[in-house]
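# Fold and contact review
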Amino acid sequence: MNLKYLNRIELDQRIKSLSAKERDLLHEVLLTIKEIDSRRTYLDMGFGSLFDYLVKGVGYSEGSAQRRIDAARLIRELPQVAEKIQSGELKLNQISLVQKASREVWKSQSKQVTAEQKMEVLESLIAKGHSESHQQVTAFFDLPAVQNSYQKVQADESVRVEFTLSKEAFAKVKIAQELLSHSLPTQDIGDFLEYLVDKVIKQKLGPANNSAEKHMAESGKAATEAREQEQKNQEDFRNQAAKIVPSEQITATMAAKSAPSPKDIRTLKAQQKCCQFKDPVTGNKCQSRWLLQVDHQQSRWAGGKHDLPNLQLLCASHNKLKYKKETGIRYL
Ligand SMILES: [Zn+2]
């Protein structure tokens, strides 16, 4: 069909009909994502998360992937929402606003937003634009409006930076700060960030550019003393990590870490750097760097050795998948 020969009435009819088909297709896409999510089929295909799969395996942009995940999960809670998306009454961005706000409520107030509350606020968003919906959702859940990062150069040329961390990310920052409490006595996040940045610069460019050393010297603590303390802290770190990582994963990690030599673990980390899980069919490798754990390719109980050739790095999701497969526990 040559679109040039359509008059404006015909073009209008055509775009409306295509748009309705697009929403029908979206409906099918969301139901399919919901099924993939509940069965976690992406793990076997070498992806560490549904988000990773939709971006790297399917080809969605990060924003599109997140909006579709938000909607698919909301449909699981509130099946009637599927029809409202299909009819065009509700848009994906509005659903994402509600899901994001619900996560914020959970983070800041430790309260679970109920399906009824979500439905109530969604009903109020019908036929509203994005910024009006944003205001409505923020007011409904009584959330502070600031979400985005912000930075501003101040009079003395220092830079004021504000950003939001997830509950998990913040917990990790606190653990890292405690681990460094000897070499970096202040609890200031700015100092902490500078310390990390110095480390990265030193690692990438060599010691000449390192000001963290100076900082440590100024703090008056002997470097060896600090190192001993940090070693001691490693133990506490594992105990604390148990609070944010499900216990079975930690058990697996501890069991693995207790035996292979620290030298082998260092070599392994230097060689592999990321999750080695591979889909046997497509050969797709996960490569996630999220909560990497040392795994015995042949498990200890099956006679696997602690030697380097039997060790591999796996992300938390794939270590868990392997564990569940080996022990015959299935996702419910
Ligand atoms: Zn992985």
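Residues numbered from 1 in each chain as written. Predicted model: local features only at pLDDT ≥ 70, side-chain atom pairs only at ≥ 80, totals over all residues. Heavy atoms only, no water.

### So, the coordination of the zinc ion
Taken together, Cys275 (SG), Cys286 (SG), Cys315 (SG) and His318 (ND1) make up the full set of protein donors to the zinc ion, lying 2.1 to 2.5 Å away. The motif formed by the donor residues of the zinc ion, counted along the single chain, is C-x10-C-x28-C-x2-H. Placement of the pair is Cys275 in the loop between helix H14 (262-272) and strand S3 (293-296) and Cys315 in the loop between strand S4 (311-314) and helix H15 (316-327), with a sequence separation of 40 residues. Note on accessibility: Cys275 and Cys315 belong to one class, buried. (Donors = N, O, S within 2.8 Å, 3.2 Å for Na, K, Ca; no water. Helix = DSSP H or I, 4+ residues; strand = E, 2+ residues; numbered from the N terminus. Buried < 20%, exposed > 50% of the residue type's maximum accessible area, 1.4 Å probe, protein only.)

### Focus on the confidence of the model for the protein
When pLDDT is averaged along the protein, the result is 82; 79% of the residues meet or exceed 70. A low-confidence stretch, residues 242-257 (pLDDT under 50), is modelled with 23 contacts involving residues beyond four sequence positions or located in other chains. Per the prediction output, this complex has pTM 0.57; the corresponding ipTM is 0.96. (pLDDT = per-residue confidence, 0-100. Contact = heavy atoms within 4.5 Å.)

### A short note on the packing of aromatic side chains
Within the structure shown, the criterion is met by three aromatic pairs. Ring plane angle 85° and centroid distance 5.0 Å describe the contact between Phe140 and Phe141, whose orientation is recorded as edge-to-face. Assessed through its relative accessible area of 31%, Phe140 is described here as partly exposed. Given the relative accessible area of 7%, Phe141 is considered buried. Through a chain of ring-to-ring contacts, the aromatic side chains of Tyr42, Phe47 and Tyr53 assemble into a single cluster. (Phe/Tyr/Trp six-rings, centres within 6.5 Å; stacked < 30°, edge-to-face > 60°.)

### Some words on the packing of helix H1 (residues 8-39) against helix H4 (residues 62-77)
In the contact formed by H1 and H4, the axes pass within 9 Å of each other and the chain directions differ by 75°. Between H1 and H4, the crossing angle belongs to the class labelled roughly perpendicular. Residue-level inspection shows Leu26, Val29, Leu30, Leu31, Ile33, Lys34 and Asp37 of H1 in contact with H4, the latter providing Arg68, Ala71, Ala72, Arg73, Ile75 and Arg76. The residue makeup of the contact of H1 with H4, split by class, is eight nonpolar, no polar and five charged. (Axes fitted to C-alpha atoms, helices over the stretch in contact; angles between N-to-C directions. Parallel < 35°, antiparallel > 145°, perpendicular 65-115°, else oblique. Nonpolar A, V, L, I, M, F, W, Y, C, P; charged D, E, K, R; others polar.)

### Quick notes on the environment of Glu123
The topology assignment puts Glu123 in helix H7 (residues 115-123). Each C-alpha atom, one on Glu123 and one on Glu89, is 9.2 Å from the other, the two residues being 34 residues apart in sequence.

### Regarding the nonpolar core
With 25 residues, the main nonpolar core has Leu30, Val81, Ile85, Ile95, Leu122, Val137 and Phe141 as its most contacted residues. Of all the secondary-structure elements, those providing two or more residues to this core are H1, H4, helix H5 (81-87), helix H6 (92-109) and H7. Residue contributions to this core peak at six residues, all from H6. Look past the residues within four positions of Ile95 in its chain and what remains in contact with it is Asp70, Ala71, Leu74, Val81, Ile85 and Leu122. (Core = buried A, V, L, I, M, F, W, Y, C linked by side-chain atoms within 4.5 Å.)

### What about the pairing of S3?
Side chains Gln293 and Asp295 of S3 all project onto a buried face; the interleaved residues Val294 and His296 project onto the opposite face, where all are buried too. Pairing analysis gives four bridges linking S3 to S4, with the strands arranged antiparallel. Residue pairing across strands places Asp295 opposite Gln312, the latter belonging to S4. (Pairing = 2+ DSSP bridges.)

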